[in-house]
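Chain and residue survey
Each chain, written out:
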Amino acid sequence: MARMAGRRTLFAAPVLLAVTFGVFAIAAMSPFDPVKAYAGTAGLTASQEQLDQLRDNLGVDRPFVARWWDWLTSALTGDLGTSSVMRQPVADVIAERVGWSALLAGCAFAVAVLAGTALGVLAARRQGEWLDRCVSSLAYTLEAAPAFWLGLLAIWFFSVRLGALPSGGLTDAGSDTVAFGQVASHLVLPALVLGISQLPWFFLYVRQGVADALEEDPVRGARARGLAERTVLLGHGLRSGMLPMLTLIGSRVPELITGALLVETVFSWPGIAAATVQAATSVDFPLLAALTVLATAAVLAGNLLSDLLYGLADPRVGFDG
């Protein structure tokens, strides 16, 4: 396990290096002007000389390779630079927001995995019955539903029509303190929406995996020995059926990140979504590079986690292979 994790870590270094270089290259070709974004409304009345001076101060006229190298060498020492659009250090921007994004993503992931697994097992146990047909049809429908559309629908129903849950933000309007109760109530809708948007894949993988496992000879032998159906289902069918789902964990991380950005925007959740959008539209090189590296690292960590879980669940799989 340690050897595989070490190899993956060594492999991640050039990947992250290439990603940061690509971010600076793509941002350099962006049609957005970082100087006008930095100046804001003051840029509308500023003279060309003032804009040129600001451009020189920001260093946006330098070749992107030089800007990338300066950022990289500083980042290796722990200095991620200063965000031009947020007007504060990049490390502070990320530190203020990444925790809320992680909370949202973690809760949504738990909803997707737990609900998808439970429904998948029930559907596999009753293949062809009404529960299987209804849940499978709903899963295929949700696969095609964008996360932002689900978010808007949830706001309309639960907030506008029922008035049961807040429509967005982290705390109630006018509140100047972050209380656990307020955060929990504001987290319900975005976490459920994001979790439901990821649930179909977990449900379909578990359903198919458990259904196939229940047809295997060891399961038939367990039934022939008189074991209880619950023991056969949970002890034999579920364990074998969960193996394909474990490989899904890593592949869903990019979708989870993308969905989180959309859901955060819809629900005004104070995560990294707003910072990502502003960094992209303002061509904020340091912030954009740091956020991209963070997302890439999350994807690589998700892939490693799925491999480790698969190896732990199935002893036949070696970690050194």
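First things first, this report covers the structure right here in the doc. Only a predicted model underlies this, so the values are computations on that prediction, with no experimental measurement involved.

Let's talk about the environment of Gly 181
Within the element layout of this structure, Gly 181 appears in helix H8 (residues 180-213). For Gly 181, a relative accessible area of 47% puts it in the partly exposed group. Taking the C-alpha atoms as reference points, Gly 181 and Thr 171, 10 residues apart in sequence, are found 9.0 Å from one another.

Re the packing of aromatic side chains
Inspection of the entire model under this criterion finds 6 aromatic pairs. Their ring planes at 90 degrees and their centres at 5.0 Å tell us that Phe 21 and Trp 68 sit as a pair that is edge-to-face. Of this pair, Phe 21 sits in helix H1 (residues 2-28) while Trp 68 sits in helix H4 (residues 64-76), placing them 47 residues apart in sequence. You can call Phe 21 partly exposed: its relative accessible area is 32%. An angle of 90 degrees between the planes, with centres 5.0 Å apart, marks the rings of Phe 157 and Phe 158 as edge-to-face.

A few points about unusual backbone geometry
Glycine aside, residues mostly have negative phi, and peptide bonds are mostly found in the trans state. Not every positive phi belongs to a glycine, and Arg 87 is a case in point at roughly 60 degrees. Tracing the backbone through its elements, the reader meets Arg 87 in the loop between strand E1 (82-83) and strand E2 (88-89). Of note, Ser 268 is a non-glycine position whose phi angle comes to about 55 degrees, a positive value. Position of Ser 268 relative to the elements: it lies in the loop between helix H10 (229-267) and helix H11 (273-281).

Here we look at helix H7 (residues 147-161)
Over its 15 residues, H7 runs 20 Å from end to end, which matches the ideal 21 Å to within 8%, given 1.5 Å per residue. All of the buried residues in H7 are Ala 147, Leu 150, Gly 151, Ala 154, Ile 155 and Ser 159. At the exit of H7 stands Gly 163, carrying a positive phi of roughly 65 degrees.

Some thoughts on the pattern of salt bridges
Under the defined criterion, the tally for this structure stands at 2 salt bridges. Residue Glu 96 pairs with Arg 97 through a salt bridge whose shortest N-O separation is 3.3 Å. For Glu 96, a relative accessible area of 44% corresponds to the partly exposed category. A relative accessible area of 17% places Arg 97 in the buried class. Across the pair Arg 207 and Asp 132 runs a salt bridge, and its minimum N-O distance is 2.7 Å.

Examining a nonpolar patch on the surface
On the surface, a nonpolar cluster with roughly 960 Å² of combined accessible area is contributed by Phe 148, Trp 149, Leu 152, Leu 153, Trp 156, Phe 157, Phe 158, Val 160, Leu 162 and Leu 262. With 8 residues, H7 is the single largest residue contributor to the nonpolar patch. Assignment of secondary structure puts Leu 153 in helix H7. Here Leu 153 falls in the partly exposed class, since its relative accessible area comes to 38%.

Points about the packing of H7 against H8
Their axes nearest at 9 Å, the elements H7 and H8 cross at an angle of 140 degrees. Taken together, the axis directions place H7 and H8 in an arrangement best described as oblique. For the element pair H7 and H8, the recorded crossing hand is right-handed. Where H7 abuts H8, its residues Ala 147, Leu 150, Gly 151, Ala 154, Phe 158 and Ser 159 lie against Leu 189, Val 193 and Ser 197.

Brief notes about a negative patch on the surface
A cluster of acidic residues, Glu 49, Asp 52, Asp 56 and Asp 61, forms a negative patch on the protein surface. Along the chain, the position of Asp 52 falls in helix H3 (residues 48-58). On the accessibility criterion, Asp 52 (38% relative accessible area) is partly exposed.

Examining the environment of Gly 81
Inspection of the secondary structure assignment puts Gly 81 in the loop between H4 and E1. Counting along the chain gives 11 residues from Gly 81 to Asp 70, while the straight-line C-alpha distance between them is 9.5 Å. If we ignore the near neighbours within four places in the chain, the residues touching Gly 81 are Pro 89, Val 90 and Pro 286.

Digging into the environment of Arg 125
Relative to the elements of secondary structure, Arg 125 occurs in helix H5 (residues 90-125). Through-space distance from the C-alpha of Arg 125 to that of Arg 207 is 8.5 Å; in sequence the pair is 82 residues apart.

Calculation rules
Residues numbered from 1 in each chain as written. Predicted model: local features only at pLDDT ≥ 70, side-chain atom pairs only at ≥ 80, totals over all residues. Heavy atoms only, no water. Helix = DSSP H or I, 4+ residues; strand = E, 2+ residues; numbered from the N terminus. Buried < 20%, exposed > 50% of the residue type's maximum accessible area, 1.4 Å probe, protein only. Phe/Tyr/Trp six-rings, centres within 6.5 Å; stacked < 30°, edge-to-face > 60°. Expected span 1.5 Å × (residues − 1). Salt bridge = Lys/Arg side-chain N within 4 Å of Asp/Glu carboxyl O. Patch = residues over 30% accessible without salt bridge, like charges linked within 9 Å, V, L, I, M, F, W, Y side chains within 5 Å. Areas by Shrake-Rupley, 256 points an atom, 1.4 Å probe, with all protein chains shown as cover. Axes fitted to C-alpha atoms, helices over the stretch in contact; angles between N-to-C directions. Parallel < 35°, antiparallel > 145°, perpendicular 65-115°, else oblique. Left-handed = near helix turned anticlockwise from the far one by under 90°. Contact = heavy atoms within 4.5 Å. Lys, Arg positive; Asp, Glu negative; His and termini not counted. Charge placed at Lys NZ, Arg CZ, Asp CG, Glu CD.

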